[in-house]
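A structural walkthrough
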Amino acid sequence: MPTKTVRIPTTDGRADAFAAFPDHGERHPGVLLYSDAFGVRPELEERARELAEHGYYVLVPNLYYRHGPAPVTELPEHIAAEIRPAVIAQLMPLIEAHTTERVLRDADAYLRFLTTRPEVGAGPVAVIGYCLGAALAMRTASAHPGRVAAVAGFHPGLLVTDAPDSPHRLLSELTAQVHLGLAEGDLTPEAISELNQALDAAGVGYTTEIYPGTVHGFTMSDTDAFNPSALQRHWDRLLSLLDRTLADG
C-alpha cells in the first residue's frame, strides 16, 4: 500500500499531509479525511491505509500545520482517560485558532490538491471526519456541493453550537449524502433534532445514528474510548456510503 507525506499549498503556507492509495496504476475516488483533535498520528495513518485498501485515495491533512509539521505536540502512544483532559488543554489554543475562515480556506486547498492528483479519478469526492473533524467535513461539503458527494462524521464535536456559523446552520447548499455516527452523549436529543431538521431542509439523504454502548472517541484504538464493535459498525456504514456515492475512478 503506497503511502507518502505530501505538501499542500495553501493561502497561509504549506500543509503537510499523509496520503495512502492503492498500489496499481488506475485512478481511484478521492477521500479527504479530517482527524480528531489529536491530529495526524499512527492511528490516523492506519485508518487511511485501511480505507485505501478498499480502493480510495485518502488524504489526511495536518490541521495544525500553521504551528508546525505533525505531530505538532508530543502525544503518548496511548491517550488514557486520566490524561486526556491535559492533552486536550495543550491542544486547545491550536483548536481555537482554527477559525471557520481558516477551515474554509484550507478546505479549498485540500480539495484542489486532492482532485488534481494523477491517482484520483475525475468524479466527486467524499469528506469524512472524526470528533471536531466531523464539523470540518460538514463545512467542507456545504461549501463545495458540486465536488463532495458524501460526508461522514463519527463521534462528532461542534456540529451544533449557539454560534451564528454553527455547521448545522449552513447546510442549505449541502447536496452530499450524510452519515453521522454518534456516541451516547455526543449530542443532546434537542441538538440531534435541530441537526436532523437542518438536514431535512437541505433535502439530502442522511442517517444520524447513536452507536450503542459508546463514549466519545470510540473509533480510536489509541484511546480508552475505543470500542471494537462500534469501529466495525463505523466501517460498515462508511464503506456502504462511499460505495453508493462515489463513481469508480
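Residues numbered from 1 in each chain as written. Predicted model: local features only at pLDDT ≥ 70, side-chain atom pairs only at ≥ 80, totals over all residues. Heavy atoms only, no water.

**Observations regarding the packing of helix α3 (residues 100–115) against helix α4 (residues 132–143)**
Contact pair α3 / α4: the axes reach a minimum separation of 10 Å and the direction vectors enclose 65 degrees. Taken together, the axes of α3 and α4 are roughly perpendicular relative to one another. Relative to α4, α3 is oriented so that their crossing is right-handed. Residues Thr100, Val103, Leu104, Ala107 and Leu111 of α3 touch α4, and the partners they reach there are Leu136, Arg139, Thr140 and Ala143. Its residues placed into classes, the contact of α3 with α4 shows six nonpolar, two polar and one charged. (Axes fitted to C-alpha atoms, helices over the stretch in contact; angles between N-to-C directions. Helix = DSSP H or I, 4+ residues; strand = E, 2+ residues; numbered from the N terminus. Parallel < 35°, antiparallel > 145°, perpendicular 65-115°, else oblique. Left-handed = near helix turned anticlockwise from the far one by under 90°. Contact = heavy atoms within 4.5 Å. Nonpolar A, V, L, I, M, F, W, Y, C, P; charged D, E, K, R; others polar.)

**Things to note about the sheet that holds strand β4 (residues 57–61)**
Read across the open sheet, the eight strands follow the order β1-β2-β4-β3-β5-β6-β7-β8; overall the sheet is mixed. Each edge of the sheet is formed by a strand with only one pairing partner; in this case those strands are β1 (3–10) and β8 (206–211). Looking at each pair of strands side by side, their axes are set apart by 20 degrees on average, direction ignored. Here three bridges tie strand β3 (residues 30–34) to β4, and the two strands are oriented parallel to one another. By the bridge assignment, Leu32 is partnered in β4 with Leu59. Helix α5 (residues 189–202) rests against β7 (177–183) and β8 of the sheet, and its axis sits at about 160 degrees to β8. (Pairing = 2+ DSSP bridges.)

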